[in-house]
Amino acid sequence: MSTHCCAKSVPHHDSSFEAFPRVVAAWQERLTAGLNRSIQASDQTMGHLEEEILQETRAVERAVLEEAAQQKADAAPPVCPVCGGKLSRLTQGHERTYQARFGEVTIRRARGWCRRCKCWRFPADHLLGLAETGSCSPGVQEMAALAVSKLPVGEASAVIERLTGVKLPRATLDREARRQGRRAEGQRQAMDQQMTQGAGGEQLVPSLRLPAPVEPFILVIELDAWNIRERNPEDWGQTEALRQKGQAPEWWHWVYGGTCFRLSQRVQTAGGRSLILSRGTVMTRGGMDALRQQLWAEAMRHGLGQAAEVLIIADGAVWIWNLAVDRFAGARQRLDPWHALQHLWAVAHALYPEDGGAAAAWIKPLKEKLLASQAVEVINALDSLLKQLRGARRAVVQAGRNYLENNRDRLDYQGAKERGEPLGSGAMESTCKQYQVRFHRSGQFWTREGDEALMCLETFWRNARWSLLFPHVPPDFDPSKN
Ligand SMILES: [Zn+2]
């Protein structure tokens, strides 16, 4: 069944594939027989034909991959792939088996000693993209990373098997996805460092910087945060013991996110919906410092250095405005209007606790004023109310008033409409919701490290940078265009 028993272990000098005629003949025979059975069976559909072709063709694909990969391995020069030095004590035929897209393939590689690095090297592994990995081919590495960043591991394992025929047990899949996640984190760190190192470093990843437009542009940054449920590994199995001691294990943690885009990249669809053609998102479980660093690098990629103006839009959380002042000094700030209105609604419900109609009637003119950039009049109206109120209701009105007062320089919604800017941070909020769909799947308990790694994979995917992680992916692949 395997082809390598009769393949030569010396390098091939022509590019013919010895396995082809034999494998193809066997494939043709099996496939013809199978298809004829399916065609004659009245209870079988085109689905059965698809399945038949898929199953029978896998054996050919596997054999072809094995032979092509072997030829590539044989062509690897006997030099150290790390330092370039000549390898000594060279021996051939070191077999290793990989899980590939079409089944298991076994490759025989040469091994040599690098005197400079003082270690054994397998030059073929580097050429094939199999260095520093487990037993998965690059295609299967990608499969594991993609499936586990979208689905819980158990489901991902079954979905992969059904869609591709690749059997990856849960433990293997989980391990491989984590490995890819850590690799993604390393890559992100290297990319972010390049941005902070300035002009020299940018050349290394030229595709990461959009060409700067000739016209002055506004760079929009939206920020938000959400909670993730995690389990501290040290607390595993001790939930009850901790609870009895009055120490519930920490379940919920903050995830910080930001997205940036040029205002010119925001367009209206035929249906009147806003669509952002190109934007960069960051999402991290690594705390405020990690967000600050990642967001700044992302903003640089989108032209922070050339932007005529930076606009930051977010809900009223204090950390956001602190970060804005700290990292984006001089940026214009805007409070998401729906968050401002929530505070007005709290006042409305305090004034008319039993009467939804009256509350709505009260808020209507104030909402119109707020959206017309007349926040001062809204604050004045609340001030007049305060003079007539005592007790709990007064406290609610006071809180609403203070909230608007604290944000009064962030409420120019009329100006935003006139300039064609987004009023609120809806783009970021919807992105956060999409991450939550995956990370809030019930029964999921991860660690901080696991979360950050998986989130990093998801972010590479969203930012259309998947091909930076998996070089065999076409560089123009962009999931947002699907
Ligand atoms: Zn070396």
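Here the structure is a predicted model, which means the values were calculated and not measured. (Residues numbered from 1 in each chain as written. Predicted model: local features only at pLDDT ≥ 70, side-chain atom pairs only at ≥ 80, totals over all residues. Heavy atoms only, no water.)

**Re the overall build of the protein chain**
Alright, step 1. For the protein chain, the count of helices and strands is 18 helices and ten strands.
Alright, step 2. Considering the protein chain as a whole, with its 482 residues, one finds that 45% of them fall into the buried category.
Alright, step 3. When contacts within the protein chain are restricted to residue pairs at least 6 apart in sequence, long-range pairs at least 24 apart make up 66% of them. (Helix = DSSP H or I, 4+ residues; strand = E, 2+ residues; numbered from the N terminus. Buried < 20%, exposed > 50% of the residue type's maximum accessible area, 1.4 Å probe, protein only. Contact = heavy atoms within 4.5 Å.)

**Things to note about the coordination of the zinc ion**
Octahedral metal centres with six donors ideally show angles of 90 or 180 degrees, and tetrahedral centres with four donors ideally show 109.5 degrees.
Alright, step 1. Within the first shell, the zinc ion binds the protein through Cys80 (SG), Cys83 (SG), Cys114 (SG) and Cys117 (SG), at distances of 2.2 to 2.3 Å.
Alright, step 2. Each of the four donor atoms bound to the zinc ion contributes to angles spanning 97 to 116°, and the resulting shape is tetrahedral.
Alright, step 3. Look at where the donors of the zinc ion fall in the sequence and you get C-x2-C-x30-C-x2-C. In this pair, cysteine 80 sits in the loop between α2 (46–74) and β1 (88–100) while cysteine 114 sits in strand β2 (residues 103–114), placing the two residues 34 residues apart along the sequence. Of the two residues examined, cysteine 80 and cysteine 114, each falls in the buried class. (Donors = N, O, S within 2.8 Å, 3.2 Å for Na, K, Ca; no water. Tetrahedral: all angles 85-135°; square planar, octahedral: opposite > 155°, others 65-115°.)

**Overview of the environment of proline 216**
Alright, step 1. Tracing the backbone through its elements, the reader meets proline 216 in the loop between α7 (199–202) and β4 (218–229).
Alright, step 2. Using a relative accessible area of 64% as the deciding quantity, one classes proline 216 as exposed.
Alright, step 3. Separated by 93 residues in the primary sequence, proline 216 and glutamate 309 place their C-alpha atoms 8.5 Å from one another.

**Here we look at the confidence of the model for the protein chain**
Alright, step 1. Model confidence for the protein chain is summarised by a mean pLDDT of 86, while 87% of its residues fall at 70 or above.
Alright, step 2. For the protein chain, per-element mean pLDDT is lowest for α7, which scores 46, and highest for β2, which scores 96.
Alright, step 3. Note that residues 1–13 has pLDDT below 50 and, in this model, 25 contacts with residues that lie over four places away or in other chains.
Alright, step 4. Low pLDDT (under 50) marks residues 200–206, which in the prediction has eight contacts with non-local residues, meaning those over four places away or in another chain. (pLDDT = per-residue confidence, 0-100.)

**What to know about the nonpolar core**
Alright, step 1. Leu173, Trp226, Met283, Met455 and Trp466 are the most contacted members of the largest nonpolar core, which has 35 residues in total.
Alright, step 2. Listing elements by their share of this core, those giving two or more residues are α4 (138–150), α5 (153–164), α6 (170–196), β4, α16 (426–439), α17 (448–462) and α18 (466–469).
Alright, step 3. Excluding residues within four positions of it along the chain, tryptophan 226 makes contact with His253, Trp254, Val255, Met283, Cys432, Tyr435, Gln436, Phe439, His440 and Met455. (Core = buried A, V, L, I, M, F, W, Y, C linked by side-chain atoms within 4.5 Å.)

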